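# Working through the structure, step by step
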Amino acid sequence: MEKIGAKTISPSDCKSISFSIQKEIHKTISETTLKRLFGFAKIKNEFSKYTINTLFEYVEKVDDDDVLEDEFLVTLQPQGELLQVRSNAFETTLNTLKYIRNRSSVPYELTTERKFARFDFEYFYSNKCSFTSYISQAGYGKSILLSHLVEALFLNEGAKYKNDIILFLNATDVFGEQYHLFSIEDRIKAKLGLSTKIDLITYFKEKREKFNIKLIVIIDGFQDLVTDKVTKPIIFDKLINLISNIEDNESIKIICSMRSTMWSRFYEKIKTIPYIRNKWCSGSYFNIKDHSNIPPLTADEVDDIFRKMYPFDHQQINPKLKSQLKFPFHIQWYYQLKEESPTFNSFTDIIFFEIIDRFIQEKIYRSNYATEKILYCRKIVQLTSFGKGNAFVLKSDLIKELSVFKNAYMELLAEGILMEEKQYQDGFILDCVRFIQPHVFEYFLFIELLDHFQNDMNEEFFNEINKAYYGNQMRFQLFQWSVRLIIRRDKFHQLSYLLKLNLNNYERNYLIYFIAENLNYQLKDNLSLIEKIKQHNLHEMIMNHLIHFDFIDSFYKDALSSLILVADTNKNALIYHVILSIFDCLSLEQDRIKNRLKQMESLQDEAKKWEINPYQTIYLIYLKISGKANTENDILLKIDYFKSGEYLFGKNENLLPNNKEILIFILMMTTNVFYGNQKEAVRIIYAMITHYPKILSSDQPFSTYLFSILAHTKSKNLLDNKTSLIEKIHTKLNHHQSIGNSTPYIQSIYLSSKAYQSKNQRDYATALIYAEKCVEIYKRNNLTTDEISMYNLMINIYHILENEEKKNEYMYKKLTVLDQKKVSPALFNIMVD
């Protein structure tokens, strides 16, 4: 009885004694044998010599955790005694740190210190509170947070609190089943090597007075405990007893880390005990609604993690993805994905969708009670009116149908899928449940909608989402979940239903980019993907939504670059390259044009099939930009013939140009920027209209583009500035914008035309305002030729106004840009005609 520290033995003690024997001397005596020994069970046979010897060995063994106080007093001086206590605490702390390192979901060296935790701890350390807690949902990195805190403030060289004694424990060291008879104070003394006879509080009060030290006890890993209605209150009572015993003694500080679900129940217990509640330091970020005081990672903390993961290219990580990875538990899934596909880089949400999918698969589909958990998640979606009502549901409504699945529900809470919270309605406090992460809710909402449409993402499916969730951010998330599943199922024709929707340009460009990146992501595991893409004519379908040249939207250009990687024919690859090469030329990026031409070399046979060879055209422009102009060229002759009325494509009065013919027209207009003038640009436009007169009545995006450059060229030419015609063009453009067929680039060209028109009307102040706005747009998007055009306009206006200072300022800006691009100023006239 002395050995286990009990005055009497009860049947329930036999199990803990059996465990204690096994732990201390690595031999086994069953619980039943012990019950017979103490007379709680009938003795059928005599006890074996093994049993008797094992019991003698156990009784005589000195517990490593129980060093007698007398030994300290006799053999050690006070400072030597303290060194031994410090050594024991240090050893336990190192073991706990090692345990955390080994369990870290990413290599520990890639994790980062949480700055807020240090500030909160230092405030707690210096005030009169006895205990603090680090509280969050599962996966916020509480253990990692504490390990960095311990290392930085107690263990590292020059640590601020190195003089104090830090005892870092796992909750199983204190509240394990074998310790249910022991108080927290007893377990702390055992770990420090102090006798049970010593009063812990008094002991460290004396040490603080003598040596100015504090004992900092950190208890982590409460989630490792197996708790129920019986054991959880016992744990809470032990914590409350320890805090009560500390009273106002500032020599001992207690830190616990708990999940929100456990803390909320502990808080319910202490909030009615003012003394205990007042001894709690809540931390800077405590939120009573969520029962959490650990904020998401800051941008700097995420950057620090990425810098450690990828020291040479961390800047290349998608900034949007970084913002999504502010929750630590997402980092582990990202790390796994990058380990599997180290060369795959994404600038859409594809990685984040993969992270959410893996999180759901791991925590729900491949976990205990998977079927029951799925029922809970789908039921919540139904109770929220499929996302159209409140984000939360009444706990009573949820439980009444699924009460038999309590274990599944508790695991959903413990794993950070669901959370309980209080909601105030009509003066009543209601217990509610909601998903912690909106993305998990959106996933199960998608599953429910898919089930409603018999697992068929048809035209009706997308029209319903577009209508029912219009103005709701879930609408776009549901589209992306749809794209992801369609590509995994190889049902590419279903993408046409999505792209036919009345989407704005940003949404359409982004979704095409998202499609392209999903195709690239799947290609690494599905080598037959290209053939399936070809069978479904996927590129032809997508391409019809790309011929609007939205060079201001980075997603548009990124989508094209990504589509090249999954091109199924040379024809499609060439079209993507040509669109990007036009942007390269407008940006005056010589190295990029040169690299583009190199990529197009393998496509020259396909280029020869075009009425005007795109490879030769881009090469011709490259020669001009690099100062090696070739004015006697077959391409220039063909363009001249086209301007003169030769039917390059054949006359098609009742048709619209196809994608290839549209690109040839844009190539001719781009060539004219370097080899022609405004008058010749108008001739090219009129020749195109002569080829395809139906363009004038069409509402297609290309028609909008053509009208915008016609307005621009007409406004730019003072001698051909027919106001009535320009106003008619502007009216047409306004109509196109109202039906959603305009793009930011088209709108910027239109704004440029208004700048020229205002200048021609001698409204110079308005012209300068428009021009400055255009410069800002073109500069931000690297559309250098358009930027130079606006500089020329402003130089011309300030010349008319005889403002030499401003004129020279913009002359300098223009020359600086051209110098940066290594382009001769002679390529662009200083003054506007």
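Residues numbered from 1 in each chain as written. Predicted model: local features only at pLDDT ≥ 70, side-chain atom pairs only at ≥ 80, totals over all residues. Heavy atoms only, no water.

Our next topic: the sheet that holds strand S7 (residues 418–425). Pairing is antiparallel across the open sheet formed by three strands, whose spatial order is S6-S8-S7. The two strands at the open ends of the sheet, each matched to only one other strand, are strand S6 (393–394) and S7. Bridge count between S6 and strand S8 (residues 428–435): two bridges; the pairing is antiparallel. Bridge pairing in S8 links Val 393 to Val 433. (Pairing = 2+ DSSP bridges. Helix = DSSP H or I, 4+ residues; strand = E, 2+ residues; numbered from the N terminus.)

Bringing the sheet that holds strand S4 (residues 252–259) into the picture now. The five strands lie next to each other as S2-S3-S4-S1-S5, forming an open sheet whose pairing is parallel. The two strands at the open ends of the sheet, each matched to only one other strand, are strand S2 (165–170) and strand S5 (280–281). The pairing of strand S1 (residues 131–136) with S5 spans two bridges and is classified as parallel. Across the sheet, residue Thr 132 finds its bridge partner in S5, namely Cys 281. Its contacts with the sheet put helix H11 (residues 231–246) on S1 and S4, and the angle it makes with S4 is roughly 155 degrees. Sitting on the sheet, helix H12 (residues 260–270) touches S1, S4 and S5, and the angle it makes with S4 is about 125 degrees. (Contact = heavy atoms within 4.5 Å. Axes fitted to C-alpha atoms, helices over the stretch in contact; angles between N-to-C directions.)

As for its placement among the helices and strands, Thr 671 is situated in helix H34 (residues 659–675). Not counting the four nearest positions on each side in its chain, Thr 671 is found in contact with Thr 617, Leu 620, Ile 621, Leu 636, Ile 639 and Gly 676.

Another aspect to go through is the confidence of the model for the protein. Low-pLDDT stretches of the model should not have their predicted coordinates read in fine detail. Chain-level pLDDT for the protein is 86 on average; 88% of the residues reach the 70-or-more range. In the model of the protein, helix H4 (residues 69–75) stands out as the element of lowest mean pLDDT, 36, in contrast to strand S3 (residues 215–220), which has the highest, 97. The model gives residues 62–77 a pLDDT under 50, and that stretch makes 25 contacts with residues more than four places away or in other chains. (pLDDT = per-residue confidence, 0-100.)

This next bit is on the packing of helix H29 (residues 570–586) against H34. One can describe the packing of H29 onto H34 by two numbers: an axis separation of 11 Å at closest approach and a directional angle of 20 degrees. One element, H29, and the other, H34, form an angle in the roughly parallel class. Read as a crossing pair, H29 and H34 show a hand that is left-handed. Of the residues in H34, those in contact with Ile 575, Val 578, Ile 579, Ile 582, Cys 585 and Leu 586 of H29 are Leu 663, Ile 666, Leu 667, Thr 670 and Phe 674. Taken together, the residues of the contact of H29 with H34 sort by class into 10 nonpolar, one polar and no charged. (Parallel < 35°, antiparallel > 145°, perpendicular 65-115°, else oblique. Left-handed = near helix turned anticlockwise from the far one by under 90°. Nonpolar A, V, L, I, M, F, W, Y, C, P; charged D, E, K, R; others polar.)

Moving on, we get to the nonpolar core. Across soluble globular proteins, nonpolar side chains have a tendency to be buried as a group. In terms of nonpolar packing, the biggest core is built from 214 residues, with Phe 121, Tyr 134, Phe 549, Phe 551 and Phe 665 touching the most fellow members. Membership of the second largest hydrophobic core comes to 44 residues, among which are Val 217, Phe 222, Leu 225 and Trp 280. (Core = buried A, V, L, I, M, F, W, Y, C linked by side-chain atoms within 4.5 Å. Buried < 20%, exposed > 50% of the residue type's maximum accessible area, 1.4 Å probe, protein only.)

Right, let's talk about the pattern of salt bridges for a bit. Using the criterion set out here, one finds 41 salt bridges in the structure. The residue Arg 475 makes a salt bridge to Glu 507 at a minimum N-O spacing of 2.7 Å. Separated by 32 residues along the polypeptide, Arg 475 in helix H23 (residues 474–489) and Glu 507 in helix H25 (residues 505–523) bring together distant segments of the chain. Here Arg 475 matches Glu 507 in class, with each residue buried. For Arg 683, the salt bridge is made with Glu 680, and the minimal N-O distance between the two is 3.0 Å. Here Arg 683 and its partner Glu 680 are both found in helix H35 (residues 678–691), three residues apart, which amounts to about one turn of the helix. For Arg 683, a relative accessible area of 33% puts it in the partly exposed group. Through salt bridges that share partners, Glu 354, Asp 357, Arg 484 and Arg 488 make up one connected network. (Salt bridge = Lys/Arg side-chain N within 4 Å of Asp/Glu carboxyl O.)

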